[in-house]
Every structure is written in structure tokens, then in C-alpha cells.
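# Working through the structure, step by step
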Amino acid sequence: IPTRLQGTRVAPANDRGRGRSQVQVTLHKNESPSQWRAFARPAKRLEAGDAIEFTEGLQATVLAKDSGGEVTLDFNAAGDGLVAALERTGSMPLPPYIHRGSEGNPNDRHDYQTVFAKTPGAVAAPTAGLHFTPELLAALRQKGIDLCQLTLHVGAGTFLPVKSAQAEDHKMHAEFGELDPATAERINRCKRDGGRIVSVGTTSLRLLESAASDKEGQGPDQDPGQETVRPFRGETDIFILPGYRFRCVDLLLTNFHLPRSTLFMLVSAFSGLAVMKAAYQHAIAERYRFFSYGDACLLSLARPT
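Now for a description of the structure that goes with this document. (Residues numbered from 1 in each chain as written. Predicted model: local features only at pLDDT ≥ 70, side-chain atom pairs only at ≥ 80, totals over all residues. Heavy atoms only, no water.)

### Quick look at the overall build of the protein
Which entries qualify depends on this criterion: Under the scheme used here, helices are H or I runs from DSSP no shorter than 4 residues and strands are E runs no shorter than 2 residues, and both carry numbers assigned from the N terminus. Three labels apply to residues, based on accessible area from a 1.4 Å probe with only protein chains included: buried if under 20% of the type maximum, exposed if over 50%, partly exposed otherwise in between. By definition in these notes, contact holds between two residues if any of their heavy atoms fall within 4.5 Å. Note on areas: Shrake-Rupley, 1.4 Å probe, and residue coverage restricted to the protein chains presented here.
Across its full length, the protein holds 7 helices and 15 strands. Per-residue burial for the protein yields a buried fraction of 50% across its 305 residues. Intrachain contacts of the protein at a sequence separation of at least 6 include 68% that bridge at least 24 residues. Surface summary for the protein: the accessible area is close to 15,300 Å², and the carbon and sulfur share equals 50%.

Listed below in C-alpha cells is the structure:
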């Protein structure tokens, strides 16, 4: 069963406004209908209590600021009204390695969405899903491959490099995800029947492993009659490093990721560091395209020897 992201639509979460001076904010975590946590640049020009004026009457008040450049903003619009305002005034929060001029590229509003995108909530596209089209999904169904859906709203933390000397000290930003009971049962039934779970993207994989019965992936072997995953709704900040024991996913479709990123650590944990080094050497030699609009690979789980 391939699992994919359902409903996650990238919101135009970048916006420029003026407080004490011009500032750019990237919303990355929804705290309430009117409040978002955001990365601000330059954050040093903002203080708690400052007002930020955007275009078309959109305003925000800085409720809090931390030392890492994050701020909490309270907008004068909420819920669907805030989403509609961002659709009018914001731009797509593309990864930093995709360079655009000050006006951006209007095609990104369509191209940086998966075929599954519905409800705004993500600030980054689940890029493995960008490879799918309605025609490809129909072809998979004709082959007898069952498709099920889950939701994880990708946060801007997925762009952040690991700067800690020890990878274990890196703090993952929490992201909201949901795996409903019916989907959990389909996954469990597939595993009980000897089927394989193919995760479309590292984001789907992280949510599936968060929903696994043994969430830390360190417990004893499961009995075949036990659940593999349970319904899940909430935030996850699971950080998967080499040595992690995967409980659910058998195959992973994913793009080629930045070195020194949490995502490269995840795929190295999944398939083994030697396998990933060989795969990346091949990709470089064959001039594969990397990152969000790049090529994909299908990885097998490295089984313990």
C-alpha cells in the first residue's frame, strides 16, 4: 500500500510587511485561528508588542520573540479569512535553494502543489508527491495497488540544516499529522496479510512511524497479530537517525536530499549509509536533478543481518 499525503496544500506563507522597518515572515506553525509561529528576517528589528502592516489591510502583532529568530504573530484575520488574505498577499515559501526574483514565479502556485493538495496548512510541499499525476494513480490502481491517504502539514523546519556538533542535539520542529482509524486498519490489514507498505515521501514515513505501536522503534519484535500503527492525531517531532528500528514502512519513494540534513539522515537510517553514498555518487555521475523539483528514487528497507 503506498501511503501519501492527503489534503496538505502549501499555503503562500511568505509575506513582506513593515514594522519598525521592512521585514519578511515565513509562517510555519499554526497555533490558533489567528496566531502563527513564524521565522522573521531580520528578526532583530522586531520586539514583542510591535505591529506589522502587510498589504490590503492585513496586520499582525508580535506576541513573542525567541533567540532563534522565531516570532509568534497574532493577525487581525482568522481561519479561512486569514488563509484568503495570505492567498492574496503572500508568496510561496520555496526552499532556499530555489532562487526567485522579488516578484517570484506565478507558476509555483500550481507547480509546488501535489495532485492531492486540498486544505491549506503546509509551508513546504511533500515533494515525493510532486511526481504523481491522475494518470499514474489510475495506472497503480489497475495494477492492484491499494492507495491510502494520511495528512501531515509540512513545516518550514524541514529546511533547517543540522548545526549541532552531535546530530542527537538537533531540535526537530513539530508538525501536525493525522492518521484516521479506517486508514490505520487498512495498513494493519496489509501487514497482517504479508503485504508491503510503500511510503510516498519522508513526511509520510515520519507520520507512519509516529503512529507505530512502538513509537520509538526500539522495542521487541511485534507479534504478527498486533497492530502495526494506531490512529494518530497531533504533533510529531520524531527524529529518525541511523540505528532507528522501522516498524511500518518497507519501501520509500523520495527525492534526493541536501547533505547534512535530517532527511539524509533518515534515508541513511532506512537503507544504510553505504547504500545511500553509492546512490548519491551514481546520481551525481548521471547528472540527476536534486531537491524539490528533482528526480526520485525508490529505496528498500535495509534488513538486519
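### Describing unusual backbone geometry
That bond from Arg 41 to Pro 42 is cis: its omega, -5°, falls within 30 degrees of zero. Its location among the elements puts Pro 42 in the loop between β5 (35-41) and β6 (51-53). The phi dihedral of Arg 287 is positive, around 60°, even though this residue is not glycine. Mapped onto the fold, Arg 287 is located in the loop between α7 (273-285) and β15 (296-300). We classify Arg 287 as exposed; its relative accessible area is 73%.

### Examining the nonpolar core
Note that soluble globular proteins tend to have their nonpolar side chains buried in a common cluster. Filter applied, for reference: Nonpolar cores are built from buried Ala, Val, Leu, Ile, Met, Phe, Trp, Tyr and Cys residues. Side-chain atoms within 4.5 Å join them into one set.
Judged by nonpolar contacts, the single largest core of 34 residues is most densely connected at Leu 179, Ile 187, Leu 205, Ile 240, Phe 246 and Phe 270. If you list the elements that add at least two residues to this core, you get β10 (148-152), α4 (181-192), α5 (202-210), α6 (262-271), α7 and β15. With 5 residues, α6 is the largest single contributor of residues to this core.

### Brief notes about helix α1 (residues 79-89)
Working note: α-helix, 3.6 residues per turn, so residues spaced by three or four point in the same direction. Stated formally: The arc refers to the directions leading from the helix axis to the C-beta atoms.
Those residues of α1 lying buried are Leu 82, Ala 85, Leu 86 and Thr 89. Around the axis of α1, the buried residues are gathered within 100° of arc, so they sit on the same side. Contacts from the buried residues of α1 go to β3 (14-18), β4 (22-30), β5, β8 (70-75) and α2 (108-111).

### Remarks on the state of the cysteines
Stated formally: Pairs of cysteine sulfur atoms within 2.5 Å are what we label disulfides.
With the rule as written, the count across this model stands at 0 disulfides. Here Cys 148 is not cross-linked by a disulfide; its sulfur's nearest cysteine counterpart is in Cys 190, at 8.2 Å.

Any link to function would need more than the numbers given here.
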